[in-house]
Amino acid sequence: PPSTTTSSLANYDSKAAEEGLFDDVDTTLTVEDTKQPDPASAFVEWLPSWYEAVLTLLAEERRQSLAVFGPQLAPEIIAKVLGECFRPLLSSFQNRLETIYSPGSKNMSTSSSLSSSGSLESICAIYEATLQFLSLAYECVAGCW
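Going along each chain's sequence as written, the residues are numbered from 1 onward. Since the coordinates come from a predicted model, pLDDT governs what is reported: local features require at least 70, and pairs of side-chain atoms require 80 or more to be given and counted, while whole-chain, interface and lining totals use all residues. Side-chain numbers here rest on the full set of heavy atoms in the structure, without hydrogens or water.

Visitor: What is the right way to look at helix α5 (residues 120-142) in this model?
Guide: Think of an α-helix as 3.6 residues a turn; residues three or four steps apart then line up on the same face. Helix numbering and strand numbering both begin at the N terminus, where a helix is a DSSP run of H or I of at least 4 residues and a strand a DSSP run of E of at least 2. Each helix should span, by expectation, one fewer than its residue count multiplied by 1.5 Å. With 23 residues, α5 should cover 33 Å at 1.5 Å per step; its first-to-last C-alpha distance of 32 Å lies within 8% of that length. Relative accessibility under 20% of the residue-type maximum defines a buried residue, over 50% an exposed one, and the middle range a partly exposed one, all with a 1.4 Å probe and only protein chains included. Inspection of α5 places Ser 122, Ile 126, Ala 129, Phe 133, Ala 137, Cys 140 and Val 141 among the buried residues, and these make up the whole buried set. Turning to α5, the residues buried within the fold contact α3 (39-86) and α4 (90-101). We call two residues contacting when some pair of their heavy atoms lies within 4.5 Å.

Visitor: What is the right way to read the packing of aromatic side chains from this model?
Guide: In this description, an aromatic ring pair is defined by two values, namely the gap between the centres and the angle between the planes. Aromatic pairing here means that ring centres of Phe, Tyr or Trp (its six-membered ring) are within 6.5 Å. Orientation follows from the plane angle: under 30 degrees is stacked, over 60 is edge-to-face, and everything else is tilted. Under the criterion given, the structure shown has 7 aromatic pairs. On the numbers, 5.7 Å between centres and 25° between planes, the contact of Trp 46 with Trp 50 is stacked. Taken as a pair, Trp 46 and Trp 50 lie in helix α3 at a separation of 4 residues, close to a single helical turn. Owing to a relative accessible area of 33%, Trp 46 belongs among the partly exposed residues under this scheme. The exposure class assigned to Trp 50 is buried, which follows from its relative accessible area of 15%. Aromatic pair Trp 50 and Tyr 51: ring centres 5.9 Å apart, planes at 50°, arrangement tilted.

Visitor: Please explain the environment of Thr 130 as it appears in this structure.
Guide: By secondary structure assignment, the location of Thr 130 is in helix α5. As a C-alpha pair, Thr 130 and Tyr 51 span 79 residues in sequence and 7.9 Å in three-dimensional space. Among all residues touching Thr 130, those that are not within four sequence positions of it are Leu 47 and Tyr 51. Identification of polar contacts relies on pairs of N or O atoms within 3.5 Å, with a donor-acceptor requirement for protein atoms, meaning one able to donate a hydrogen and the other able to accept it, and with residues adjacent in sequence counted only if both atoms are side-chain atoms. Within the local environment of Thr 130, its side chain forms a polar contact with the side chain of Tyr 51, the two groups lying 2.8 Å apart.

Visitor: Is there a simple way to explain the environment of Thr 56 in this structure?
Guide: The topology assignment puts Thr 56 in helix α3. Sequence spacing of Thr 56 and Ala 137 is 81 residues, and the spatial spacing of their C-alpha atoms is 9.9 Å.

Visitor: Sorry if this is basic, but what is going on with the packing of α3 against α5 here?
Guide: Helix packing for two helices is described by the angle between their axes and how far apart those axes are. Interhelical geometry of α3 versus α5 gives an angle of 10° and a closest axis separation of 9 Å. Classed by the angle they form, the pair α3 and α5 counts as roughly parallel. Amino acids are sorted into nonpolar (Ala, Val, Leu, Ile, Met, Phe, Trp, Tyr, Cys and Pro), charged (Asp, Glu, Lys and Arg) and polar (every other residue, Gly among them). The class makeup of the residues in the contact of α3 with α5 is 22 nonpolar, 2 polar and 1 charged. An axis is simply a line fitted to the C-alpha atoms; with a helix, the fit covers only the stretch in contact. Between two such axes, the angle follows the N-to-C directions and lies from 0 to 180 degrees. Angles below 35 degrees are treated as roughly parallel, those above 145 as roughly antiparallel, those between 65 and 115 as roughly perpendicular, and all remaining angles as oblique.

Visitor: It is not clear to me how the pattern of salt bridges should be interpreted in this structure. Could you clarify?
Guide: Oppositely charged side chains are able to pair whenever their charged atoms sit close together. Salt bridge criterion: a side-chain nitrogen from Lys or Arg within 4 Å of a carboxyl oxygen from Asp or Glu. Per the stated rule, a full pass over the model turns up 3 salt bridges. Linking Glu 60 and Arg 63 is a salt bridge whose minimum nitrogen-to-oxygen distance equals 2.4 Å. In this pair, Glu 60 and Arg 63 are both assigned in helix α3, 3 residues apart and thus about one turn of the helix distant. Glu 60 gets classed as partly exposed once you look at its relative accessible area, which sits at 32%. Note that Arg 87 is salt-bridged to Glu 84, the shortest N-O span being 2.9 Å. Taking relative accessible area as the criterion, Arg 87 reaches 54% and is therefore assigned exposed.

Visitor: Honestly, the packing of α3 against α4 in this entry has me stumped. Any pointers?
Guide: The geometry of α3 relative to α4 is characterised by a closest axis approach of 13 Å and an angle of 150° between their N-to-C directions. Our classification of the angle between α3 and α4 gives roughly antiparallel. In the packing of α3 onto α4, the handedness of the crossing is left-handed. Between α3, through Pro 39, Ala 40, Phe 43, Val 44, Trp 46, Leu 47, Tyr 51 and Phe 86, and α4, the contact on the second element is made entirely by Leu 90, Phe 93, Arg 96, Leu 97, Ile 100 and Tyr 101. Of the residues belonging to the contact of α3 with α4, the class tally is 13 nonpolar, no polar and 1 charged. Each crossing gets its handedness from the near helix: less than a right angle anticlockwise from the far helix is left-handed, clockwise is right-handed.

Below is the structure:
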């Protein structure tokens, strides 16, 4: 037999429905609501912001290194800071790229959408962000000399 709690909830739900309490609540669940974020598009969105944070750190370290250690040691210090920014991420960075973009991966897509896993556009976006980062990081380090 149903418990009194279950029957009370059923009565409450039917009363609430009669009174229109749920009229403005959208109870439909679409496929988009249940999809997991695409790893490629999440990576493409995250990477430039992380590069920007590293560049900001390098600029500040450059300023402080020049003031504290002088122009002789500053480039070496900046290069070490840059290396330390990447050292803890190298294996996960490589694994993420391999998982998303390896040939034959289930994430590879023939679609040309930027948000599609493994799409040529997302690979190009990551490549472009990385080249821009490396260029700016080089300028930061070389600017110490």
